[in-house]
Amino acid sequence: GDGEQDEGQIWEAVMAGSQFGLDNLCGIVDSNMLQIDGWVDEVMTVGPLADRYKSFGWNVIEIDGHNFEQIRYAFRRAKQTKRKPTVIITNTIKGHGISFMEDQAGWHGKAPNSEQTEKALKEIDEMEF
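Residues numbered from 1 in each chain as written. Predicted model: local features only at pLDDT ≥ 70, side-chain atom pairs only at ≥ 80, totals over all residues. Heavy atoms only, no water.

Asker: I keep staring at helix 4 (residues 68–80) and nothing clicks. Help me out?
Answerer: Helix length check: helix 4 (13 residues) gives 19 Å between terminal C-alpha atoms against 18 Å at 1.5 Å per residue, within 8%. The backbone nitrogen of Glu69 has a side-chain oxygen 3.0 Å away, supplied by the residue at the start of helix 4, namely Asn67. (Helix = DSSP H or I, 4+ residues; strand = E, 2+ residues; numbered from the N terminus. Expected span 1.5 Å × (residues − 1). Polar contact = N/O pair within 3.5 Å; in protein donor to acceptor, adjacent residues only side chain to side chain.)

Asker: Please clarify how the nonpolar core should be interpreted in this entry.
Answerer: Buried together is how nonpolar side chains tend to be arranged in soluble globular proteins. Grouped together as the largest cluster of nonpolar side chains are 12 residues: Trp11, Val14, Val29, Val40, Val46, Leu49, Ala50, Tyr53, Trp58, Val60, Val87 and Ile89. The set of elements that each furnish at least two residues to this core consists of helix 1 (8–19), helix 3 (49–55) and strand 5 (86–91). Among the elements that take part in this core, helix 3 stands out by supplying 3 residues, more than any other. Val40 has contacts with Asp2, Gly3, Met33, Leu34, Gln35, Thr45 and Val46, leaving out every residue within four places of it along the chain. (Core = buried A, V, L, I, M, F, W, Y, C linked by side-chain atoms within 4.5 Å. Buried < 20%, exposed > 50% of the residue type's maximum accessible area, 1.4 Å probe, protein only. Contact = heavy atoms within 4.5 Å.)

Asker: Please clarify how the pattern of salt bridges should be interpreted in this entry.
Answerer: Side chains that differ in sign of charge can pair as their charged atoms come close. On inspection of all chains with the given rule, the structure shows 2 salt bridges. Between Arg72 and Glu69 there is a salt bridge, with the nearest N and O atoms lying 3.0 Å from each other. Residue Arg72 and its partner Glu69 are located together in helix 4, separated by 3 residues, close to a single helical turn. Two residues, Glu69 and Arg76, come together in a salt bridge whose shortest N-O distance is 3.5 Å. Under the relative-accessibility criterion, Glu69 is labelled partly exposed at 42%. Salt bridges sharing common partners tie together Glu69, Arg72 and Arg76. (Salt bridge = Lys/Arg side-chain N within 4 Å of Asp/Glu carboxyl O.)

Asker: Help me understand the packing of aromatic side chains, please; the structure alone is not making it clear to me.
Answerer: To describe a pair of aromatic rings, one takes the distance between the centres and the angle between the planes. Scanning all chains against the criterion turns up 4 aromatic pairs. Each ring, one from Trp11 and one from Tyr53, has its centre 5.0 Å from the other, and the planes form 45°; the classification is tilted. Linking Trp11 in helix 1 with Tyr53 in helix 3, this pair joins segments that are 42 residues apart in sequence. Tyr53 matches Trp11 in its accessibility class, with the two residues each being buried. With a centroid separation of 5.4 Å and an interplanar angle of 75°, the aromatic rings of Tyr53 and Trp58 are classed as edge-to-face. Among the aromatic side chains, those forming a connected cluster through ring pairs are Trp11, Tyr53, Phe56 and Trp58. A cation over a ring is seen here: Lys110 above Trp107, with NZ or CZ 4.7 Å from the ring centre. (Phe/Tyr/Trp six-rings, centres within 6.5 Å; stacked < 30°, edge-to-face > 60°. Lys NZ or Arg CZ within 6 Å of the ring centre and 35° of its normal.)

Asker: What is the right way to look at the pairing of strand 4 (residues 59–64) in this model?
Answerer: Look at any regular strand and the pattern is simple: side chains alternate between the two faces of the sheet. In this structure, strand 4 lies alongside strand 5, joined through 6 bridges in parallel fashion. For Glu62, the partnering residue across the bridge sits in strand 5 and is Ile89. Of the crossover connections in this fold, the one passing from strand 4 over helix 4 to the parallel strand 5 is right-handed. (Pairing = 2+ DSSP bridges. Right-handed = clockwise from strand over helix to strand, strands pointing away.)

Asker: What is the right way to read helix 1 from this model?
Answerer: Owing to its 3.6 residues per turn, the α-helix brings residues three or four apart onto one side. Over its 12 residues, helix 1 runs 17 Å from end to end, which matches the ideal 16 Å to within 8%, given 1.5 Å per residue. At its buried positions, helix 1 is contacted by helix 3. Gly21 occupies a position one or two residues after helix 1 and carries a positive phi of about 55°.

Quick look at the structure:
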């Protein structure tokens, strides 16, 4: 996720992927602007991610991470890329489609109770994909 992008080992791997031209490497970053401690930009600004990955020599594909057709398209494009790794940055909303979970950092790693689960499942069932 985008919150993990403030970790040093991420960028060590990014440099190695580019250095060795790993065109069979495809990273996926869930960019929902939230992490366990809150909004990513309030914890540690990591963006603009696309520019950062491009500066390290990666092929960058940005998509709507809730759109299955865009996800399929991104993987097809990544497979066609030669001599450099690809990162797919999926712009998403944490808790997408669940009224009481959307954009709420507090749901990171927290399970809903029975009543909340029932409500969430109902809302998911009503979603259009």
